[in-house]
Amino acid sequence: AGAVIEGPVHVRVHAAGEAFLPRIVLRAGAGSEATLVEEHLGHGSVVGRTGVEAAAGARVRHVILQNWDPAGRGYLRVRSRADRDADVLTVFGSFGGERVKVEMNTVLDGPGAHSEMIGVALGAAGQRCDLHTGHHHRAGDTTSNIDFKAVMGGRARSSYTGLIRIDEEARRTEAYQTNRNLLLSERAGADAIPELEILNEEVSCSHGATVAPVDPDQLFYLQSRGLDPAKALRLVVRGFLEKTLRSLPEALRPSVEQVVEA
C-alpha cells in the first residue's frame, strides 16, 4: 500500500511447445502506483491468464503486447478489478500469431473507479484475431472507455465484441466504446459487435463501430505529392492509428510504436 514503482515492470513470456500455460497476477495495494508490461513471444499453443487487482486509490497501467511467431496460436485472458477511486488502464497490441483470441474484462467495484482500454490489432496473410472486452459497472459514479482499432490486410480477419454492463445499483455511470476497422485488401474482413446491458436509467453511454476500406482519394492525394504506393499506404495506416497511440502513457509509446512501425 502506498508504494510507487518507478518505471515499468517488464515481463517477457516466451512460449514454446504444444501446451504453454503462463499465469501472471498483479495486486496493487491502496494508493499504490505500478506499470506492468506483459510481452508474449515465441510459438506453439498458449493459454495465458492475467489477474489485476487495484485497491482503493491505486493507479495501474497494464500493457499486453502479443507478437507470437506466424504459426503461433493462443488465448489470453485478463481479469481486472478496480476498487473505490482506483484507475486502471489496459493497453493491448496484437501483431503476431496465426490464430489469436483475447478476453479483457474489468469490474468497477467502488465509487470513483475508472477503467480505460486501448487496443490495436494488425493482421496480414491469413491471420485471425478475436478480441472480447467487457466493462462491468457494479458501483455508481464510475467511468469507463474503450478505444479499439484493427488494420487487416491480405486474407486476415478480425472480430471484436465489446460488452458494457451497468448494474441497477450503478447509478451516475459514464461508459463509452469505440471500434474502428481499416481493411487494406478486398479479401480482408472485420466484424464488430458492440453490446450494452444497462439496468438503470441514470447513465451516460454510447458505442460506435465502423468497417471501411482505405480511402482511394487519400492514396491518390499522397501519391500525387510524390509518395510511392507503399509509403502512401503506410502513412494512411499511421494516421488511422495516431489518435489511439497518442493516448498511451508517454513512457510506453516508444516501445509500442516500434512494434507498429515494424
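Just so it is clear, the model here is predicted, and its values are computed rather than measured.

Chemist: Would you mind showing me how to read the sheet that holds strand 14 (residues 189-198) here?
Modeler: Each strand in a sheet pairs with another by means of backbone hydrogen bonds, the pair being arranged parallel or else antiparallel. The parallel open sheet is built from seven strands, whose spatial order is 2-4-6-8-10-12-14. For this open sheet the edge positions go to strand 2 (23-28) and strand 14, each flanked by a neighbour on one side alone. Strand-to-strand, the axes of this sheet are offset by a mean angle of 5 degrees, without reference to chain direction. With 10 bridges connecting them, strand 4 (residues 45-54) and strand 6 (residues 73-82) associate as parallel partners. Residue pairing in the sheet places Glu-53 in a bridge with Arg-81 of strand 6.

Chemist: What should I look at first to understand helix 3 (residues 253-261) in this one?
Modeler: Residues spaced three or four apart along an α-helix face the same direction, because each turn holds 3.6 residues. For helix 3, the set of buried residues is Arg-253, Val-256, Glu-257 and Val-260. Seen from one end, helix 3 has its buried residues packed into an arc of 95 degrees, which puts them on one side. Facing away from the buried surface of helix 3 by more than 90 degrees, the exposed residues are Pro-254 and Gln-258. Buried residues along helix 3 sit in contact with strand 5 (59-66), strand 9 (114-123) and helix 2 (229-246).

Analysis parameters
Residues numbered from 1 in each chain as written. Predicted model: local features only at pLDDT ≥ 70, side-chain atom pairs only at ≥ 80, totals over all residues. Heavy atoms only, no water. Pairing = 2+ DSSP bridges. Helix = DSSP H or I, 4+ residues; strand = E, 2+ residues; numbered from the N terminus. Axes fitted to C-alpha atoms, helices over the stretch in contact; angles between N-to-C directions. Buried < 20%, exposed > 50% of the residue type's maximum accessible area, 1.4 Å probe, protein only. Arc of directions from axis to C-beta. Contact = heavy atoms within 4.5 Å.

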